[in-house]
Amino acid sequence: MMGGYLDDKFIQGSAAQNPYCFYHWQCIDIFVYFSHHLVTIPPVGWTNAAHRHGVCVLGTFIAEWKEGGRLCEAFLAGDERSYQAVADQLVLIAQFFRFDGWLINIESSLSLAAVGNVPPFLRYLSTQLCRQVPGGLVLWYDSVVSSGQVKWQNELNEQNRIFFDSCHGFFTNYNWREEHLDRMVAQAGERRADVYVGVDVFARGNVVGGQFDTHKSLELIRKHGFSAALFAPGWVYECLEKRDFFQNQDKFWGLLGRYLPPHSICSLPFVTSFCLGMGTRRVCYGQEEAVGPWYHPSAQEIQPLFAEHRPEGDGQGWVKTHCCLADAWNGGSSLLIRGVIPPEVGHVAVRLFSLHVPVPPKIFLSMVYKLEGPSDVGVALELTTGDAGSCHVGGISTLSAEASSRHSPRPLRVPPTKLARWVGHCGQQLSGGWVQRCYEVNLRGCVLQDLWVSFSRPPGSREQEAFVCRLGELQVVDANSLLSPLPRVQAVSVSRVRWQRAAPEEEEEEEEEEERPARLQLSCALHWSYPLSHVRCFRIHCCRATGSPAEGPPGPEKPALLGLAFVNQYRVVDLAVAAAGPGMDGRVEFLVEPVPREGFLVPKAEWGRAALLYSGPHT
């Protein structure tokens, strides 16, 4: 999109205003980061966000024009050692940056010697990748044919089949018609799902449907049983009004919804605050921490199904979900749910998540929400379990007796003492008008399938009830995981330290500069030890203070949030600190706060710490 490597290239985030944001992850299986560099490595933020949603990520190897042809000849026209060396490096790159594979896109004419080595190159790359990267994937784009010419076929056929047979999948060009799909059915055989029929969302050339008509292409692709490759869905951001981005994004993916069955979340704990990885302010458990735009794709939490749910029949009410930056419980956004309960029905519900989780004997669920405006509508979590014949549900009421049953969990009123941190605010009114509800469910032999939120009319009400509800957090947690002790942050160290004097502001007068304490800028690297499987992220804070040795250690200021880390390291860049004058000492303390996967605050006494002491020049 727009050349790639925009604000998404900053590993620790940026202050970008109105950046592009993708959040319909449950609709897709593979995310390809595409640019026109020879080797395109997906930015870490995209890889983290995709993997959090169970989506695999591919980089792009692209060769174009005469220069691309020269490079391809250099490694493909020789013996196997050359193309194997290139393949080995592509595998190492994917392994090091922890993404899942490559889209190979050669759009330069090749000699017969070079094109003859493309199939063994693809086979070797696919084999080596799968050995080093579990679930590795190599896709080939429809461009070069077996003669070495660049001739887009818009289908899988005898001229390009040799490349399809040498890797995991084939990505067709975009100017196909239905007769191309008819012919490909026989060509693909049992591998129809490995043929990704290309759809250019910009609708360039002779296409069936793009832009807001993309669903017309999807309808034909699904009719013939193929997979789909949606190219450049950033069209909604690049070409339409930025102020309407979220509305247009939801419209685009909503039109495709019937052709994109959602994939499921398959593990516990499942915790999300619906944060998009961006916002106009930062909020931590209802408390505002900072005001101003921020963008950090790694901070995006698991996103729900965005849809409008209308039960069959007239007057049955409706429920619609939106992402919203106006308020948040944790992060920068929340999930806004609007709906209407008509007089004829008692409640309406919307499915937020598709899951496929073998459920442990006991789980705890939590929901943080608030109703906007005066409303007495009831809000409750509901879940569906698969195979009602073997699934035993205890302690909750069953709403239906179908093979896939929906249940309303029992509120958790008296929590075990060992779970005090997790349930500390259950049933309470929290800051900002938020309310937390907790539930306990006892199950045996069950598979958790779906998570719903239900809205019921107040007792005695017979009128139409409109409501606006904001969801701040949902959790599904294995009770046993809350009994094990939380690890401590260990061995916090500070390295690669660099000091420099801060540049004075241009408009400052010299007299004011002399009165104002000198300022320094500190850059350094923080490292620590912590098992990443136990944590959602780390919040990095600092405290700064100066004083004289005679007065004792300087008193630290209130910790200031520097940013978020998703590995055991963080780079501090140009942190402003006061220079220590003659005979004075300065102290900067860095604090590493783990955020557990189960989603509760860790007391400050259990954070990791490292202090950096410095002094002024001695005269």
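Since the structure is predicted, the reported quantities are computational estimates derived from the model, not experimental observations. Numbering of residues starts from 1 in each chain and follows the order in which that chain's sequence is written. With the structure being a predicted model, the display of local features is reserved for residues of pLDDT at least 70 and the display and counting of side-chain atom pairs for 80 or more, all residues being used for whole-chain, interface and lining totals. Side-chain metrics rest on all non-hydrogen atoms present in the structure, leaving aside hydrogens and water.

Asks: So what exactly am I meant to see when it comes to the overall build of the protein here?
Replies: Along the backbone of the protein there are 11 helices and 31 strands. When each of the 619 residues of the protein is scored for burial, the buried share is 51%. Contacts: residue pairs with any heavy atoms within 4.5 Å of one another. Long-range pairs, those at least 24 residues apart, make up 76% of the contacts in the protein with a sequence separation of at least 6. All accessibility values rest on the Shrake-Rupley procedure with a 1.4 Å probe; residue burial counts only the protein chains present in the view. Counting only carbon and sulfur atoms, one obtains 51% of the accessible surface of the protein, whose full area is about 28300 Å². Going along the chain from the N terminus, every DSSP run of H or I of four or more residues is numbered as a helix, and every run of E of two or more is numbered as a strand. When a residue's accessible area, from a 1.4 Å probe over protein chains only, is under 20% of the maximum for its type it is buried; when over 50% it is exposed; and in between it is partly exposed.

Asks: How do you make sense of the sheet that holds strand S26 (residues 519-529) when you look at a structure like this?
Replies: Strand pairing in a sheet relies on backbone hydrogen bonds, with the paired strands running either antiparallel or parallel. As summarised here, the arrangement of the three strands in space is S25-S26-S29, forming an open sheet in which the pairing is antiparallel. A single partner strand is all that each edge strand has here, and the edge strands are strand S25 (490-501) and strand S29 (569-578). Neighbour to neighbour, the strand axes of the sheet diverge by 25° on average, direction disregarded. Two strands are counted as paired when DSSP detects at least two bridges linking them. Angles shown run from 0 to 180 degrees and are taken between the N-to-C directions of axes, each axis being a line fitted to C-alpha atoms and, for helices, limited to the stretch in contact.

Asks: Can you help me understand the pairing of strand S8 (residues 227-231) in this one?
Replies: Here is the key point about a regular strand: its side chains alternate between the two faces of the sheet. Pairing of strand S7 (residues 195-200) with S8, which is carried by five bridges, proceeds in the parallel orientation. Each residue of the ladder has a partner; that of Tyr196, found in S8, is Ser227.

Asks: Can you help me understand helix H7 (residues 178-188) in this one?
Replies: Since the α-helix advances by 3.6 residues per turn, residues separated by three or four positions end up pointing in the same direction. Taken together, the buried positions of H7 are His180, Leu181, Met184, Gln187 and Ala188. For H7, the arc enclosing every buried residue in end-on projection is 115°, short of the 170-degree limit, so these residues lie on one face. The elements touched by buried residues of H7 are helix H6 (161-164), S7 and helix H8 (214-223). Downstream of H7 by one or two residues, Gly189 has phi in the positive range, about 60°. What the arc covers is the set of directions going from the helix axis to the C-beta atoms.

Asks: Explanation requested: empty space enclosed by the protein in the structure shown.
Replies: It is a probe the size of a water molecule, rolled over the atoms, that shows where empty space is left. As defined here, a cavity is a set of points on a 1 Å grid over the protein atoms alone where a 1.4 Å probe fits but cannot get out. A pocket is an open set with protein on both sides within 12 Å along at least five of seven lines, and residues line them when an atom is within 4 Å of a point. Grid points are joined across faces, edges and corners, and a volume is the space filled by probe spheres set on the points. A full pass over the atoms with the stated rule returns two cavities of 30 Å³ or more. Quantified by volume, the largest cavity comes out at close to 60 Å³. Every residue lining the largest cavity is listed: Tyr20, Cys21, Phe22, Trp25, Trp46, Ala49, Leu276, Tyr295, Pro297 and Gln300. A class-by-class count of the residues in the lining of the largest cavity yields nine nonpolar, one polar and no charged. The classification used treats Ala, Val, Leu, Ile, Met, Phe, Trp, Tyr, Cys and Pro as nonpolar, Asp, Glu, Lys and Arg as charged, and all other residues, Gly among them, as polar.

Asks: Is there a simple way to explain the packing of aromatic side chains in this structure?
Replies: Each aromatic ring pair is summarised here by two numbers: the centre-to-centre distance and the angle between the ring planes. Here a Phe, Tyr or Trp ring, Trp counted by its six-membered ring, pairs with any other such ring whose centre lies within 6.5 Å, and the pair is stacked when the planes are under 30 degrees apart, edge-to-face when over 60, and tilted otherwise. Evaluation of the coordinates by the stated rule reveals 34 aromatic pairs. Each ring, one from Tyr20 and one from Phe245, has its centre 5.7 Å from the other, and the planes form 65°; the classification is edge-to-face. You can see Tyr20 sitting in the segment before strand S1 (30-32) and its partner Phe245 sitting in helix H10 (residues 245-256), a full 225 residues away along the chain. No difference in accessibility class separates Tyr20 from Phe245, as the two residues are buried.

Asks: Got a minute to help me understand the packing of helix H2 (residues 65-76) against helix H3 (residues 80-97) in this structure?
Replies: Describing two packed helices takes the angle between their axes plus the distance from one axis to the other. Their axes nearest at 7 Å, the elements H2 and H3 cross at an angle of 115°. With respect to H3, the axis of H2 lies roughly perpendicular. Contacts between H2 and H3 involve Ala74, Phe75 and Leu76 from the first element and Ser82, Tyr83 and Val86 from the second. Residues of the contact of H2 with H3, tallied by class, amount to five nonpolar, one polar and no charged. What sets the label is the angle itself: under 35 degrees gives roughly parallel, over 145 gives roughly antiparallel, 65 to 115 gives roughly perpendicular, and the rest give oblique.

Asks: Please explain the nonpolar core as it appears in this structure.
Replies: Across soluble globular proteins, nonpolar side chains show a tendency to be buried alongside one another. Buried Ala, Val, Leu, Ile, Met, Phe, Trp, Tyr and Cys residues that are joined via side-chain atoms within 4.5 Å together make up what is termed a nonpolar core. Of all hydrophobic cores here, the largest spans 113 residues; its most connected members are Leu76, Trp140, Phe353, Leu451, Phe455 and Leu471. When near neighbours in sequence (up to four residues on either side) are disregarded, Trp140 contacts Leu103, Ile104, Ile106, Val118, Leu122, Phe163, Cys167, Gly169, Phe170 and Phe171.

Asks: What is the right way to look at the environment of Val44 in this model?
Replies: Structurally, Val44 is set in helix H1 (residues 44-52). With relative accessibility at 28%, the residue Val44 sits in the partly exposed group. Linking Val44 and Ser298, residues 254 residues apart in sequence, is a C-alpha distance of 7.4 Å.

Asks: What's the story with H10 in this structure? I'm lost.
Replies: Helices are assigned an expected span. That span is 1.5 Å times one less than the residue count. Taking 1.5 Å as the rise per residue, H10 with 12 residues should run 16 Å; its terminal C-alpha atoms sit 17 Å apart, in good agreement. For H10, the complete set of buried residues consists of Phe245, Asn248, Gln249, Asp250, Phe252, Trp253 and Leu256. In this fold, the buried residues of H10 make contact with H8, S8 and helix H9 (235-238).

Asks: Is there a simple way to explain the packing of H8 against H10 in this structure?
Replies: Running from N to C, H8 and H10 point in directions that differ by 25°, and their axes come no closer than 8 Å. In this view, H8 runs roughly parallel relative to H10, as classed from their interaxial angle. Crossing hand, H8 versus H10: right-handed. The segment H8 lies against H10, with Thr214, His215 and Leu218 engaging Phe252, Leu255 and Leu256. Residues of the contact of H8 with H10, tallied by class, amount to four nonpolar, two polar and no charged. Left-handed describes a crossing in which the near helix is turned anticlockwise from the far one by less than a right angle; the clockwise case is right-handed.

Asks: In this structure, what is going on with the layout of surface pockets? I would like to understand it.
Replies: Counted as a void, the second largest pocket has a volume near 1100 Å³. Around the second largest pocket, the lining comprises 43 residues; the ones closest to its centre are Phe31, Val32, Leu230, Ala232 and Pro233. Contributing elements (two or more residues each) for the lining of the second largest pocket: S1, H8, S8 and H9. A per-class count over the lining of the second largest pocket returns 31 nonpolar, six polar and six charged.

Asks: I'm lost on the state of the cysteines in this one. Help?
Replies: Throughout this description, disulfide means a covalent bond between two cysteine sulfur atoms. Cysteine sulfur pairs qualify as disulfides if the two atoms are within 2.5 Å. Counting across every chain of the model gives zero disulfides. Between Cys323, a free cysteine, and Cys21, which holds the nearest cysteine sulfur, the sulfur-to-sulfur gap is 7.0 Å. A residue is classified by how much of its surface remains accessible, and Cys323, at 12% relative accessible area, is buried.

Asks: How should I be thinking about the side chain of Ser273 in this particular structure?
Replies: Here Ser273 lies in the loop between strand S9 (270-272) and strand S10 (278-284). A residue is classified by how much of its surface remains accessible, and Ser273, at 1% relative accessible area, is buried. Any pair of nitrogen or oxygen atoms within 3.5 Å is treated as a polar contact; in protein, a donor-acceptor pairing is required on top of that, and neighbouring residues in sequence qualify only through side-chain atoms on both sides. Within polar-contact distance, the side chain of Ser273 engages the backbone oxygen of Asn330 at 2.9 Å. In contact with Ser273, other than residues within four places in its own chain, are Glu301, Asn330, Ser333, Ser334, Gly472, Glu473 and Arg536.

Asks: Looking at this structure, I do not really get the confidence of the model for the protein. What am I missing?
Replies: One rule of thumb: low pLDDT means the predicted coordinates there are not for detailed reading. Residue-level pLDDT values for the protein average 88, and 88% of them are 70 or greater. Think of pLDDT as the predictor's per-residue confidence, scored from 0 to 100. The low-confidence segment residues 414-418 (pLDDT under 50) makes three contacts with residues lying over four places distant or belonging to another chain.

Asks: Got a minute to help me understand the pattern of salt bridges in this structure?
Replies: Pairing between side chains becomes possible if they bear opposite charge and their charged atoms approach one another. In the sections that follow, a salt bridge refers to a side-chain nitrogen of Lys or Arg positioned within 4 Å of a carboxyl oxygen of Asp or Glu. The tally for this structure, following the rule as stated, stands at 21 salt bridges. Residue Glu593 is joined to Arg539 by a salt bridge in which the shortest nitrogen-to-oxygen separation is 2.9 Å. Here the residue Glu593 occupies a position in strand S30 (residues 585-596), and Arg539 occupies one in strand S27 (residues 535-547), the gap between them amounting to 54 residues. Here Glu593 falls in the buried class, since its relative accessible area comes to 3%. With a relative accessible area of 10%, Arg539 lands in the buried category. One network of salt bridges, in which partners are shared, links Arg281, Glu288, Asp327 and Lys370.

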